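# An overview of the molecular structure
Listed here are the chains, written in short residue letters.
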Amino acid sequence: MGKVAFLSFLVVVLSALVGERIVNLRKRTLATRELLQNHLPNCVLLKHLDYGTEDITILEGGLAFISAGLKDPGMPYNPDVTGKMFLLDLQDSRMKPVELRMPRNFDLDSFNPHGISVYTDPSDNTVYLFVVNHPQHTSQVELFKFVEEALYLEHMQTIKHELLHSVNDIVAVGVDSFYATNDFYFSHQTLHFVELLLAEPWSNVVYYSPKKVKVVSEGYYMANGINISPDKRFIYVVDLLDHNVHMLERKDDSTLTSLKSVAVGSLCDNVEVDPKSGDLWLGCHPNAWKAFMYDPKDPPGSEVIKIQNIHSDQPVVTQVYEDNGSVIIGSSVAATYGGKLLIGTVFHKTLCCDLK
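An account of the accompanying structure is given in this report. Bear in mind that the values here come from a model prediction, so they are computed numbers and not experimental data.

Here is what the cut-offs are and how they apply
Residues numbered from 1 in each chain as written. Predicted model: local features only at pLDDT ≥ 70, side-chain atom pairs only at ≥ 80, totals over all residues. Heavy atoms only, no water. Salt bridge = Lys/Arg side-chain N within 4 Å of Asp/Glu carboxyl O. Helix = DSSP H or I, 4+ residues; strand = E, 2+ residues; numbered from the N terminus. Buried < 20%, exposed > 50% of the residue type's maximum accessible area, 1.4 Å probe, protein only. 1 Å grid on protein atoms, 1.4 Å probe; cavity = no way out; pocket = protein on both sides within 12 Å on 5 of 7 lines; lining within 4 Å. Points joined across faces, edges and corners; volume = space filled by probe spheres on them. Nonpolar A, V, L, I, M, F, W, Y, C, P; charged D, E, K, R; others polar. Contact = heavy atoms within 4.5 Å. Disulfide = S-S within 2.5 Å.

Counted under the stated rule, the structure contains 11 salt bridges. In this structure, the salt-bridge partner of Arg 33 is Glu 303, at a minimum N-O distance of 3.0 Å. Here Glu 303 lies in strand E20 (residues 302-308) and Arg 33 lies in the loop between helix H1 (3-28) and strand E1 (44-45), a separation of 270 residues in the sequence. The partly exposed category is assigned to Arg 33, whose relative accessible area is 22%.

See the structure below:
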């Protein structure tokens with residue numbers, strides 16, 4: 001075979017392989033799914049939250065922490081918007097988000113907040129806020145102490161580690177310990193698209209404490225949201241590209257044992273857990289292909305899914321909300337309190353609806 005013929009053959013083979021991978025990616029991102037409307041009553045868009053609220057978590061007293069302004073290279077974003085943390089009191093009928101003040105010596109210009117988690121110290125009720133941060137698209141975790149009376153976040157430390165190389169979400173289990181998901185195997189942004197095409201289960205979950213850091217669960221196509229059961233015995237991990245939620249049991253050495261997975265039929269992002277019922281609430285992308293190939297004339301929609309009785313033999317998976325992108329685009333989180341549902345997004349607005 002001549003050199004030209006061989007090169008031509010190689011181009012054909014590579015084109016076929018790339019084409020097959022793109023077809024597979026379209027399948028995994030539910031590219032052909034039609035977006036429908038399944039709205040809730042009395043939905044309103046919240047003010048001052050117009051450029052993404054990727055993660056939301058709520059304290060038992062109704063205070064919601066909101067991560068805003070994520071700059072994700074794989075999604076549209078406003079380069080002029082800086083990352084911020086907001087607080088919303090769900091017991092206040094005005095539903096007015098308030099920006100939390102941060103230290104002057106903290107680098108706010110490069111602050112790029114992603115997943116968040118709160119931990120209340122049982123010894124003194126101090127609230128600690130853990131924030132996944134991507135300055136210059138790297139990965140690290142910022143630990144803050146919440147000073148409620150001053151609406152202030154006191155920066156305690158920045159946590160970096162080679163195993164925390166592509167952190168998406170986090171769940172705190174102590175004042176300085178947590179589980180975190182790495183959504184990609186490679187840390188370099190240019191390799192993420194290659195990894196999406198390959199669609200291999202290379203993603204993982206890492207446990208961090210000052211004394212030990214280790215991979216405690218792996219084999220995910222894209223480990224995304226992570227949270228913990230009300231009794232602190234189980235960890236829930238969302239595999240966005242595999243359309244399911246994994247339930248794992250915590251061991252005394254902080255390792256995790258897989259117990260089951262629940263199919264959700266959507267590309268779900270973050271997971272919040274109702275502290276009373278134990279229900280799981282998921283912000284999802286019903287057609288993520290539209291998010292990856294963003295066209296404002298044909299926007300990606302939003303979906304909220306609830307899982308009840310996940311510990312039983314027959315968990316109940318229910319679609320609570322769906323929108324075709326006419327109201328809210330790219331939902332990433334759903335959190336509830338007092339009959340209200342908050343829906344956050346990767347790069348769009350934030351919606352509050354009545355559940356009843």
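Approximately 1000 Å³ is the volume attributed to the largest pocket. Lining the largest pocket are 38 residues; nearest its centre among them are Ile 58, Leu 59, Glu 60, Val 273 and Pro 275. At five residues, the largest contribution of residues to the lining of the largest pocket is made by strand E6 (residues 113-120). Estimated volume of the second largest pocket: approximately 760 Å³. Forming the boundary of the second largest pocket are 37 residues, of which Asp 72, Gly 74, Phe 184, His 192 and Phe 292 lie nearest the centre. Among the elements of the structure, H1, strand E10 (167-172), helix H2 (192-198) and helix H3 (288-292) are those that each provide at least two residues to the lining of the second largest pocket. Tallying contributions element by element places H2 first for the lining of the second largest pocket, with four residues. The class makeup of the residues in the lining of the second largest pocket is 17 nonpolar, 15 polar and five charged.

Relative to the elements of secondary structure, Asn 112 occurs in the loop between strand E5 (98-99) and E6. In contact with Asn 112, other than residues within four places in its own chain, are Gly 69, Leu 70, Lys 71, Val 132, Asn 133, His 134, Pro 135 and His 137.

We now examine empty space enclosed by the protein. All told, the structure shown has one cavity of 30 Å³ or more when counted by the stated rule. What the largest cavity holds in volume is close to 30 Å³. Classifying every residue of the lining of the largest cavity gives five nonpolar, no polar and two charged.

Covalent bonding between the sulfur atoms of two cysteines is what defines a disulfide. By the definition in use, this model includes two disulfides. Each sulfur in the disulfide pair Cys 43 and Cys 353 lies 2.0 Å from the other. The sign of the S-S torsion, about 115 degrees, decides the handedness of the disulfide formed by Cys 43 and Cys 353: right-handed. Of this pair, Cys 43 sits in the loop between H1 and E1 while Cys 353 sits in strand E24 (residues 351-354); the two residues are 310 residues apart in sequence, bridging distant segments of the chain. We classify Cys 353 as buried; its relative accessible area is 0%. Shown here is the disulfide that connects Cys 268 with Cys 284, its sulfur atoms set 2.2 Å apart. Negative torsions about the S-S bond denote left-handed disulfides, and the value of about 85 degrees found for Cys 268 with Cys 284 makes this one right-handed. Taken as a pair, Cys 268 in strand E18 (residues 267-273) and Cys 284 in strand E19 (residues 280-285) lie far apart in primary sequence, 16 residues in all.

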